Amino acid sequence: MRVTLICALMGAAFAAQAADLTITVLDRTGKPLPDAVVLVDSSAQGARPAPVLDATISQEKLRFVPAVTVVSLGAKVSFNNLDSWDHHVILGVMGAGGVYVDPGQNTQFRLAGRVAGKPPATDSKVLNQPGAYLLGCHIHSSMKGHIVVADTPWAKLVGEDGKVVLPGLPEGPARVRIWHAEQLVEGAPVTVQVAASGSAVSIPTQISPARRKRPAGETPYGS
Ligand SMILES: [Cu+2]
């Protein structure tokens, strides 16, 4: 009983204060960069966010929705085809230049087109390797999507304004990495200081994204 109490007190004494870290990712020209994923590590003690072990990606109007999905290592990602025609899901680890590292190792399955009044065709895959995966379809070569399997509990997709809030980071130094589908080379990690009251930083990158084509009136991620 006494030992338990002492351990609890010590834990409280050593655990750093947790605070929000707000990050704005900037492109090569200094403008906010959408579709970036922010991955933050901290070696300070304290609670970690729960891992994201489930995600669903739809195939809808010839697109993967959402276009970028962030999950934790070991997550089960489900796919469903909402279009009335067939699609493939080609899923593989993505290397530099936005191509598959080893097409021979890719997972591939075909999802039949949806029949009115019936549930969509679905399949899933557990992702046990950290890093970025590229999604594609053999029938429609323009269909592209990405999954980032994070090796840290603090990992999130930025908003349209390039901004994201990572809650519950321990006070002290934190290491920030940025991923973007169109980065040519991986940028060096940046160390930022998380204050007990929270911190906000902008992270410049060398990424210059291509103009995204979105049909008028369509929301970015179909939501
Ligand atoms: Cu397709």
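Above this text is the structure in question.
(A) Fine view of the sheet that holds strand E13 (residues 163–170). Pairing in this open sheet of 3 strands is mixed, and the strands run E13-E1-E16 from one edge to the other. Each end of this open sheet is capped by a strand with a single partner; those strands are E13 and strand E16 (199–204). Between one strand axis and the next, the sheet turns through 25 degrees on average, direction left out of account. In this sheet, E16 lies alongside strand E1 (residues 18–26) in parallel orientation, the contact comprising 6 bridges. Bridge pairing in E16 places Leu 26 opposite Pro 204.

(B) Region of the structure containing the nonpolar core. If you look at the biggest cluster of nonpolar residues, it comprises 41 residues, and the most contacted ones within it are Val 37, Val 38, Val 40 and Val 148. Domain assignment of the residues forming this core places at least three in each of domain 1 (16–48 + 154–204) and domain 2 (54–150). Setting aside anything within four residues of it in sequence, one finds Val 38 in contact with Ile 23, Val 25, Ala 155, Lys 156, Val 158, Val 164, Leu 166, Val 176 and Ile 178.

(C) Molecular detail of the sheet that holds strand E9 (residues 121–127). The mixed open sheet is built from 4 strands, whose spatial order is E4-E3-E6-E9. Each of the sheet's edge strands pairs with one partner strand only, and the pair in question is strand E4 (63–65) and E9. For this sheet, the mean inter-axis angle between neighbouring strands, taken without regard to orientation, is 25 degrees. In the sheet, strand E3 (residues 54–60) pairs with E4 via 3 bridges, with the strands oriented antiparallel. Paired with Gln 59 across the strands is Phe 64, a residue of E4.

Calculation criteria
- Residues numbered from 1 in each chain as written.
- Predicted model: local features only at pLDDT ≥ 70, side-chain atom pairs only at ≥ 80, totals over all residues.
- Pairing = 2+ DSSP bridges.
- Helix = DSSP H or I, 4+ residues; strand = E, 2+ residues; numbered from the N terminus.
- Axes fitted to C-alpha atoms, helices over the stretch in contact; angles between N-to-C directions.
- Core = buried A, V, L, I, M, F, W, Y, C linked by C-beta atoms within 7 Å.
- Buried ≥ 20, exposed ≤ 12 C-beta atoms within 10 Å, placed from the backbone.
- Domains from an automatic or database assignment.
- Contact = placed C-beta atoms within 7 Å.

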